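Descriptive structure summary
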Amino acid sequence: MDIRREKAESSSGYDRIVKFLREQLLNGELKAGDSLLPERELSARLGVSRPVLREALRALAMIGAVEIRHGVGTVVTKPDVSMLGEFFTFVLAHQPNVVDDVMQARIAIERQAVRLACQRATQSDYDRLAACISDIVDTIHTPESGGIADFRFHETMVNASGSPTLINIYQSISVLMRRSHLDRREQIIQVEGIEEFLIDHHRAIFAAIVERDEERADELLGRHFEIGADFRRRATIRMLGASPLANNNPS
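Residues numbered from 1 in each chain as written. Predicted model: local features only at pLDDT ≥ 70, side-chain atom pairs only at ≥ 80, totals over all residues. Heavy atoms only, no water.

As recorded by an unreviewed UniProt entry, the protein chain carries the name GntR family transcriptional regulator and is attributed to Izhakiella australiensis.

Next up, the structure:
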């Protein structure tokens, strides 16, 4: 057989199998825990060879879409979003200014999420957000722990949106965002006024969510990012002022 033809058949067959599974899931005809048709029947139904079917199912198993169980068959599973997160991390790691770019994505996600949180948050969400604020206060003098506490507040806020799509996208870039939180906290912790800002602003956002005030919450969150960026600029100026070059008198 011509190798080019074999590759084309394999590629076409894989696409057909993936499309079949995707459409079945979207239509509600398949869900996690359901078993696919036996290999012989499924290959006949999709018009692909059994070797191509096996190859495609192994590829789907690698991303967590199905699980191949010996003696049982192929079972539909729900992929773990952490796998998507690892994929995004490797893809985005090659991009210049990745942290700044991820920050823009974060702002877009969070500003919609906070509006939804105002509509959908439950008492359990309020309790978790309140616990996050307590952690922010307790760790305010510790850059690493404080950065983690800050990230958890924002993550909890997104989870309170009740939007699986926003939550999954947010989680898929969470590795990069967590790193961004830690880097920024270490950079700005010495700037005057930062402690009051971090505590008071998170409390204000929390209060707006509890009061279900979408406009206020969105406005506060937008200002939160703007003020945070200003603190980072001030931290950069502070670092320059403390550098040996800045302290040298011109000759």
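**Section: the overall build of the protein chain**
Note the threshold: Helix and strand assignments come from DSSP, with helices taken as H or I runs of at least 4 residues and strands as E runs of at least 2, each series counted from the N terminus. Residue contacts are defined here by distance: any two heavy atoms, one from each residue, within 4.5 Å place the two residues in contact. Here the open area of atoms and residues is found with the Shrake-Rupley method and a 1.4 Å probe, where only the protein chains shown may cover a residue.
Counting its regular elements, the protein chain contains 12 helices and 2 strands. Put simply, the protein chain runs from its N terminus to its C terminus through helices and strands in the order α-α-α-β-β-α-α-α-α-α-α-α-α-α. Taking all contacts inside the protein chain whose residues are at least 6 apart in sequence as the whole, residues at least 24 apart take part in 69%. Summing over all exposed atoms, the protein chain offers an accessible surface of approximately 14,900 Å²; the carbon and sulfur share of this is 53%.

**Some points on the pairing of strand β1 (residues 66-69)**
Selection rule: At least two bridges found by DSSP between two strands are what make those strands a pair.
Bridge count for β1 against strand β2 (residues 73-76) is 4 bridges, and the pairing is antiparallel. By the bridge assignment, Glu 67 is partnered in β2 with Val 75. Where β1 folds back on β2, the antiparallel hairpin that results is connected by 3 residues, among which Gly 71 adopts a positive phi of roughly 85 degrees.

**A short note on unusual backbone geometry**
Heads up, the condition is: Per-residue accessibility, obtained with a 1.4 Å probe over protein chains only, is compared with the maximum for each type, and a residue is labelled buried under 20%, exposed over 50%, and partly exposed between these values.
Positive phi is not limited to glycine here, since Arg 212 has a value of about 60 degrees. Along the polypeptide, Arg 212 turns up in the loop between α10 (194-210) and α11 (214-242). Arg 212 sits in the partly exposed class, given a relative accessible area of 40%.

**What to know about empty space enclosed by the protein**
Definition in use: Lining residues are those with an atom within 4 Å of a point, where the points come from a 1 Å grid over the protein atoms alone and group into cavities, where a 1.4 Å probe fits but cannot get out, or pockets, open sets with protein on both sides within 12 Å along at least five of seven lines. Grid points are joined across faces, edges and corners, and a volume is the space filled by probe spheres set on the points.
With the rule as written, the count across this model stands at 1 cavity of 30 Å³ or more. Taken as a whole, the largest cavity spans an internal volume of roughly 180 Å³. Around the largest cavity, the lining comprises 16 residues; the ones closest to its centre are Asp 150, Arg 184, Leu 198, His 224 and Arg 232. Among the elements of the structure, α5 (98-120), α7 (143-159), α9 (174-188), α10 and α11 are those that each provide at least two residues to the lining of the largest cavity.

**Brief notes about the environment of Glu 186**
Considering the arrangement of structural elements, one finds Glu 186 in helix α9. In this structure, the C-alpha to C-alpha distance between Glu 186 and Ala 235, residues 49 residues apart in sequence, is 9.9 Å.

**Quick look at the pattern of salt bridges**
Condition: For this analysis, a salt bridge means a side-chain nitrogen from Lys or Arg found within 4 Å of a carboxyl oxygen belonging to Asp or Glu.
Under the definition given, this model contains 13 salt bridges. For Arg 115, the salt bridge is made with Glu 214, and the minimal N-O distance between the two is 3.5 Å. Of this pair, Arg 115 sits in helix α5 while Glu 214 sits in helix α11, placing them 99 residues apart in sequence. Its relative accessible area of 19% is what places Arg 115 among the buried residues. A salt bridge links Arg 233 to Asp 230, with the nearest nitrogen and oxygen atoms 3.7 Å apart. With Arg 233 and Asp 230 both in helix α11 and 3 residues apart, this pair spans about one turn of that helix. A single network of salt bridges, built from pairs that share partners, joins Arg 111, Arg 115, Glu 214, Glu 215 and Asp 218.

**So, the nonpolar core**
Operational definition: To form a nonpolar core, buried Ala, Val, Leu, Ile, Met, Phe, Trp, Tyr and Cys residues must be joined to one another through side-chain atoms within 4.5 Å.
Among the nonpolar cores identified, the biggest contains 32 residues, and Val 114, Phe 153, Met 157, Ile 205 and Ile 209 are the most heavily contacted of them. At the level of secondary structure, the elements contributing two or more residues to this core comprise α5, α6 (123-138), α7, α10 and α11. Top element by residues in this core is α10. It accounts for 8 residues. Other than its neighbours up to four places away in sequence, Ile 209 contacts Val 114, Ala 117, Cys 118, Ala 121, Tyr 126, Leu 129 and Met 157. Of all hydrophobic cores here, the second largest spans 17 residues; its members include Val 18, Val 48, Ala 56 and Val 76.

**What to know about the environment of Gln 187**
Within the element layout of this structure, Gln 187 appears in helix α9. Along the primary structure Gln 187 and Met 239 are separated by 52 residues, whereas in three dimensions their C-alpha atoms are 9.1 Å apart.

**Examining the packing of aromatic side chains**
Selection rule: To pair, rings of Phe, Tyr and Trp, with the six-membered ring standing in for Trp, must have centres within 6.5 Å; the planes then decide the type, stacked if under 30 degrees apart, edge-to-face if over 60, and tilted in the middle.
As enumerated under the stated definition, the model contains 2 aromatic pairs in all. Measuring from ring centre to ring centre gives 6.5 Å for Phe 151 and Tyr 170, while their planes differ by 10 degrees; the resulting arrangement is stacked. Here the residue Phe 151 occupies a position in helix α7, and Tyr 170 occupies one in helix α8 (residues 164-172), the gap between them amounting to 19 residues. Residue classification places Phe 151 among the buried residues on the basis of a relative accessible area of 2%.

**Details of the packing of α7 against α8**
Counted only if it meets this: Comment: axis = line fitted to C-alpha atoms, over the contacting stretch for helices; angle = value between 0 and 180 degrees taken between N-to-C directions. Any angle from 65 to 115 degrees is called roughly perpendicular, while one under 35 is roughly parallel, one over 145 is roughly antiparallel, and all others are oblique. Charged means Asp, Glu, Lys or Arg here, nonpolar means Ala, Val, Leu, Ile, Met, Phe, Trp, Tyr, Cys or Pro, and polar covers whatever is left, Gly included.
Direction vectors running N to C along α7 and α8 enclose 155 degrees, while the axes themselves pass 9 Å from each other. The angle between the axes of α7 and α8 places the two elements in the roughly antiparallel class. Two secondary-structure elements touch here, α7 through Phe 151, His 154, Glu 155, Val 158 and Asn 159 and α8 through Leu 166, Ile 167, Tyr 170 and Gln 171. Residue composition of the contact of α7 with α8, by class: 5 nonpolar, 3 polar and 1 charged.

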